[in-house]
Amino acid sequence: MAKIAMVAGEASGDLLGYHLIQELKSLQPEIEIFGIAGPKMMGLGAKSLFPIERLSVRGYLEVLKHLWGLLKLRKQLYKHILKEQPDVFIGIDAPDFNFWLERKLKAKGIATIHYVSPSIWAWRPNRIHKIKRAVSHMLALFPFEPPLYQQVGVPVTYIGHPLADALPMEPDIGQAREKLKLKKNQVVIAMLPGSRQSEVAFHAELLLETAIVFDRLMRENGQQVQFLVPLVTRETRDIFTSAWHQLLTQKPDTNIDLQIMFGHAHDAMTAADAVLVASGTATLEAALLKKPMVITYKMSNMSWQLLKRMRLQPYVGLPNILAGEFIVPELLQKEATPEQVAQTLYNLLADKIGLANLQEKYRHIHAQLKQNSAQKAAAVVKQFLRA
């Protein structure tokens, strides 16, 4: 029986792993998969040796706090993989964690595939030489990535992005609003504070304060707003709910229509007139759903200063990176104030010509990324599996 070790580092990696496992099992039903998996991958039979939340840590200071535990976990996982001798190891994103494993396993004769190129085009480009020592094959999600690997002799395949395959070119807004039982004649704003607990902790207050300011701007023009906040885990929902209750204690006169949801991020974004989103994969999903958005992000000041020095591009949001220009606004760190974010969101919705142009740019991005990615990824993986 074919055997695959697979490590996903967070919710987006779990989704990529889910689509890959689905396709692999359609080609070769009897496959044993183990490593670190999220609920979607586990639902297809992947065995998770450690909770995926152990890897979902963001920012330099946050990683340092958990470093000892992460190093211990990684060493235990490495020993287990060596003992099991899989046909191939697949590291899904989580580059700082997975590249170490891949380098060690490759040196022991186990083939390694890395799924999702790290953003060497955005910062720390010299990492590509370490990647070459670690990776037998790179699966690239974006069209500008393969030439970077080909230049240094790393086998690479452009597979596109699974979200572009899964999401329709023209989303059904009416169906999504009916499914969520939303009130008619309201502007709907989806707010996504991030998938990690640390991200939600940084963004909850900002998004809530922004909602209050934006609601006031809209009411002054005779419009009502409904805010949807989909959260992926019980822990992140608890963090956001706690911030909401704290704000209501401080501002008891607050009267905004806000619905905190457990999951349903796709439905919330589809139903929305616009999205307020922390930078990450959710920005790509919002673009593929053709949603106007404001991208925002906050982290510890020390993490921000380090990241800022290493950036190669002026953009952090995937829609802007793929377009090669600022097609959606980004308000980061000190610029991310409730007043600025709310006003930017308001101005965005008021610009009808700009919104029409944005739709065309989104469609171009969608067409570029729609490549039957899971099928292409599985075809690469299958080359490494025993019959």
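See the structure printed just above.
The structure presented is a predicted model; accordingly, all values stated were derived computationally and were not measured.

Peer 1: Which parts of the structure should I look at to understand a positive patch on the surface?
Peer 2: The grouping of Arg 103, Arg 124, Lys 130 and Arg 133 at the surface amounts to a positive patch. You can see Arg 103 is positioned in helix H5 (residues 95-107).

Peer 1: Even after reading the chapter, I still don't get helix H1 (residues 11-27), so can you show me in this structure?
Peer 2: Within an α-helix, residues lying three or four positions from one another point in the same direction, as the helix has 3.6 residues per turn. Across its 17 residues, H1 extends 25 Å between first and last C-alpha, which sits within 8% of the 24 Å expected from 1.5 Å per residue. When we look at burial in H1, the residues that qualify are Ser 12, Gly 13, Asp 14, Leu 16, Gly 17, His 19, Leu 20, Ile 21, Glu 23 and Leu 24.

Peer 1: Looking at this structure, I do not really get the pairing of strand S12 (residues 293-297). What am I missing?
Peer 2: Each regular strand displays side chains that alternate between the two surfaces of the sheet. In terms of burial, S12 is a largely internal element, five of the five residues being buried. Side chains of S12 alternate between two faces, with Met 293, Ile 295 and Tyr 297 and Val 294 and Thr 296 buried alike. Sheet topology places strand S11 (residues 274-278) next to S12; four bridges connect them, and they run parallel. Paired with Ala 278 across the two strands is Thr 296, which belongs to S12. In the classification by handedness, the crossover that spans S11, the intervening helix H13 (residues 281-288) and the parallel S12 is right-handed. One ladder, built from three bridges, connects S12 with strand S13 (residues 330-332); its direction is parallel. Counterpart to Thr 296 in the pairing with S13 is Leu 331.

Peer 1: Could you clarify how one ought to interpret the sheet that holds strand S2 (residues 31-36) in this entry?
Peer 2: The pairing of strands in a sheet comes from backbone hydrogen bonds and takes either a parallel or an antiparallel form. Within the open sheet, the seven strands sit side by side as S3-S2-S1-S4-S5-S6-S7. Their pairing is parallel. Among the strands making up the open sheet, the edge pair consists of strand S3 (47-48) and strand S7 (156-158). Bridge analysis of strand S1 (residues 2-8) against S2 gives six bridges, and the strand direction is parallel. Looking across to S2, one finds that Met 6 is bridged to Gly 35. The sheet strands contacting H1 are S1, S2, strand S4 (88-92) and strand S5 (111-115), and the helix crosses S1 at an angle near 165°. Contacting S1, S2, S4, S5 and strand S6 (137-140), H5 runs over the sheet at an angle of about 160° to S5.

Peer 1: Please explain the packing of aromatic side chains as it appears in this structure.
Peer 2: A ring pair, where both rings are aromatic, is described by two values, the distance of the centres and the angle of the planes. Applying the stated criterion across every chain yields a total of three aromatic pairs. On the numbers, 5.9 Å between centres and 15° between planes, the contact of Phe 142 with Phe 144 is stacked. The buried category is assigned to Phe 142, whose relative accessible area is 6%. You can call Phe 144 partly exposed: its relative accessible area is 30%. Directly above the aromatic system of Phe 97 lies the positively charged group of Arg 74, at a separation of 5.9 Å from the ring centroid. Above the face of the Phe 262 ring, Arg 237 is positioned so that its terminal group lies 4.5 Å from the ring centre.

Peer 1: It is not clear to me how the pairing of S11 should be interpreted in this structure. Could you clarify?
Peer 2: By the criterion of burial, S11 is predominantly enclosed, with five of the five residues buried. A two-sided burial pattern is seen for S11, the buried positions comprising Ala 274, Leu 276 and Ala 278 on one face and Val 275 and Val 277 on the other. Bridge analysis of strand S8 (residues 186-192) against S11 gives four bridges, and the strand direction is parallel. Of the residues in S11, the one forming a bridge with Leu 192 is Val 277.

Peer 1: Please explain the sheet that holds S13 as it appears in this structure.
Peer 2: The six strands are arranged S10-S9-S8-S11-S12-S13 in an open sheet whose pairing can be described as parallel. Strand pairing shows two members of the sheet lacking a second neighbour, strand S10 (257-262) and S13, which therefore form its edges. Ignoring strand direction, the axes of neighbouring strands in this sheet form an average angle of 20°. Strands S8, strand S9 (224-231), S10, S11 and S12 of the sheet are contacted by helix H10 (residues 197-219), whose axis makes an angle of about 170° with S9.

Definitions and limits used
Residues numbered from 1 in each chain as written. Predicted model: local features only at pLDDT ≥ 70, side-chain atom pairs only at ≥ 80, totals over all residues. Heavy atoms only, no water. Patch = residues over 30% accessible without salt bridge, like charges linked within 9 Å, V, L, I, M, F, W, Y side chains within 5 Å. Areas by Shrake-Rupley, 256 points an atom, 1.4 Å probe, with all protein chains shown as cover. Salt bridge = Lys/Arg side-chain N within 4 Å of Asp/Glu carboxyl O. Lys, Arg positive; Asp, Glu negative; His and termini not counted. Charge placed at Lys NZ, Arg CZ, Asp CG, Glu CD. Helix = DSSP H or I, 4+ residues; strand = E, 2+ residues; numbered from the N terminus. Expected span 1.5 Å × (residues − 1). Buried < 20%, exposed > 50% of the residue type's maximum accessible area, 1.4 Å probe, protein only. Pairing = 2+ DSSP bridges. Right-handed = clockwise from strand over helix to strand, strands pointing away. Contact = heavy atoms within 4.5 Å. Axes fitted to C-alpha atoms, helices over the stretch in contact; angles between N-to-C directions. Phe/Tyr/Trp six-rings, centres within 6.5 Å; stacked < 30°, edge-to-face > 60°. Lys NZ or Arg CZ within 6 Å of the ring centre and 35° of its normal.

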